[in-house]
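Notes for the structure review
The residues making up each chain are set out below.
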Amino acid sequence: MRQGEGEPQTPEQASAPHPDPLPASGEREGQNLRSYGRRRGRKPSPRQAALWRDALPRFALDILRPPPPRLGALFTPAVEDVWLEIGFGGGEHLLWQARNNAHVGLIGCEPFQDGVVKALSAIEAEALANVRLHADDARPLLRWLPEASIARTFILFPDPWPKARHHKRRLVSAATLADLARVMQPGAELRIATDVADYARWILLAAREQHSFRWTAAEPRDWRERTPDWPPTRYEQKALSDGRRCTYFRFQRG
């Protein structure tokens, strides 16, 4: 069976012994391990280089300075709720949410320069005022964000690092969920998607170990289907066309 086929387990099944146990809660040894590969693809065009040089500074977060007391003040005009997407890829989901939720501020985190430039191009063309970007690893950003400042978080199709020796590089872990628990508001929603069955089980184990997030699924369709406010991404469409099943998790911050 190809890795990625199958269904996520129930919470009871996920609690069973697993051949690749997660690091113990609070273990920070690997917190700065990169959860992604190379950051740049082919050589950028002159337009792409100009966007990176001239546009990014206008939308990039400066995490060397303290965050504002109210995170919504990062945006002009200020917003009440701030959502976070970690690893936005080509920006399809991030931009859809920004267009359809003008009252919400979106922080997009993506270390790959090609994806950041694609998002910048659309932000500039559509004059989207409710998007800010962090073009680097997510973990320093999570440490910078104030407590209980994020109303919703998206982690869509993170790199599964399928080899066992690389599992420590997986973005979704008990340690990352602990960081998210600190910055997310009580009752806030965490959405995670994957097309790898082993990673789906890993995610459930991490949530069970960290215990700040409750899986809200009541029936199989709750993790097999997206809701209308959850648009597809280019990667998801490729996974489905290749015959891989996708899992759509929703967790609620306790």
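Preceding this section is the structure that the text describes.
What this report covers is the structure whose coordinates are included nearby.

How each quantity is defined
- Residues numbered from 1 in each chain as written.
- Predicted model: local features only at pLDDT ≥ 70, side-chain atom pairs only at ≥ 80, totals over all residues.
- Heavy atoms only, no water.
- Helix = DSSP H or I, 4+ residues; strand = E, 2+ residues; numbered from the N terminus.
- Contact = heavy atoms within 4.5 Å.
- Areas by Shrake-Rupley, 256 points an atom, 1.4 Å probe, with all protein chains shown as cover.
- Pairing = 2+ DSSP bridges.
- Axes fitted to C-alpha atoms, helices over the stretch in contact; angles between N-to-C directions.
- Buried < 20%, exposed > 50% of the residue type's maximum accessible area, 1.4 Å probe, protein only.
- Parallel < 35°, antiparallel > 145°, perpendicular 65-115°, else oblique.
- Nonpolar A, V, L, I, M, F, W, Y, C, P; charged D, E, K, R; others polar.
- Polar contact = N/O pair within 3.5 Å; in protein donor to acceptor, adjacent residues only side chain to side chain.
- Core = buried A, V, L, I, M, F, W, Y, C linked by side-chain atoms within 4.5 Å.
- Salt bridge = Lys/Arg side-chain N within 4 Å of Asp/Glu carboxyl O.

Some words on the overall build of the protein
Assigned secondary structure in the protein consists of nine helices and seven strands. Considering only residue pairs separated by 6 or more positions, the protein has 82% of its internal contacts joining residues 24 or more positions apart. Total accessible area computed for the protein in this model is approximately 12700 Å², and 51% of it derives from carbon and sulfur atoms.

Regarding the sheet that holds strand S1 (residues 81–86)
Taken in spatial order, the seven strands make up an open sheet running S3-S2-S1-S4-S5-S7-S6, and their pairing is mixed. The sheet is open, and its two borders are formed by strand S3 (131–134) and strand S6 (213–215), each paired with just one other strand. Averaged over all pairs of adjacent strands, the angle between their axes in this sheet comes to 20°, without regard to strand direction. Where strand S5 (residues 184–194) meets strand S7 (residues 247–253), six bridges bridge the pair, whose relative direction is antiparallel. By the bridge assignment for S7, Thr 194 is matched with Thr 247.

Regarding helix H3 (residues 92–100)
Of the positions making up H3, those classed as buried are His 93, Leu 94, Leu 95, Gln 97 and Ala 98. Lining the buried residues of H3 we find S1, strand S2 (104–109), helix H4 (113–126), S3, strand S4 (150–156) and S5.

Points about the packing of helix H2 (residues 46–59) against H4
Relative orientation of the contacting elements H2 and H4 amounts to 70°, with a least axis distance of 9 Å. Overall, the two elements H2 and H4 adopt an arrangement that is roughly perpendicular. Of the residues in H4, those in contact with Arg 47, Gln 48, Leu 51, Trp 52, Ala 55, Leu 56, Arg 58 and Phe 59 of H2 are Gln 113, Val 116, Val 117, Leu 120, Ser 121, Ile 123 and Glu 124. For the contact of H2 with H4, the per-class residue count stands at nine nonpolar, three polar and three charged.

Overview of the side chain of Thr 176
As for its placement among the helices and strands, Thr 176 is situated in helix H6 (residues 174–183). One polar contact links the side chain of Thr 176 to the main-chain carbonyl oxygen of Leu 171, over a distance of 2.7 Å.

A word on unusual backbone geometry
Here the residue pair Thr 76 and Pro 77 is connected by a cis peptide bond, since its omega of 0° sits within 30 degrees of zero. Not every positive phi belongs to a glycine, and Ala 148 is a case in point at roughly 50°. With respect to the helices and strands, Ala 148 occurs in the loop between helix H5 (138–144) and S4. With a phi angle near 55°, Phe 157 is a residue other than glycine that sits in the positive phi range. Here Phe 157 shows up in the loop between S4 and H6.

Remarks on the side chain of Glu 110
Position of Glu 110 among the secondary structure elements: in the loop between S2 and H4. At a separation of 2.7 Å, a polar atom in the side chain of Glu 110 contacts the main-chain amide nitrogen of Gly 89. Glu 110 has contacts with Gly 87, Phe 88, Gly 89, Val 116, His 134, Ala 135 and Asp 136, leaving out every residue within four places of it along the chain.

Some points on the nonpolar core
Judged by nonpolar contacts, the single largest core of 39 residues is most densely connected at Leu 84, Ile 107, Leu 145, Leu 180, Leu 190 and Phe 251. Looking at this core, the element that brings in the most residues is helix H7 (residues 197–210), giving seven residues. When neighbours within four sequence positions are excluded, Leu 145 is seen to be in contact with Leu 71, Leu 84, Ile 107, Ile 150, Arg 182 and Val 183. Counting 30 residues, the second largest nonpolar core, distinct from the first, contains Trp 83, Ala 119, Val 131 and Ala 151.

Remarks on the pattern of salt bridges
Scanning the entire structure with this criterion turns up 19 salt bridges. Put simply, Asp 137 and Arg 139 hold a salt bridge, and the shortest N to O gap is 2.8 Å. Arg 152 is paired through a salt bridge with Asp 229; the nearest N and O atoms lie 3.9 Å apart. You can see Arg 152 sitting in strand S4 and its partner Asp 229 sitting in the loop between helix H8 (221–224) and helix H9 (234–241), a full 77 residues away along the chain. Taken together, the salt bridges that share partners define one network made up of Arg 152, Glu 189, Arg 191, Asp 229 and Arg 250.

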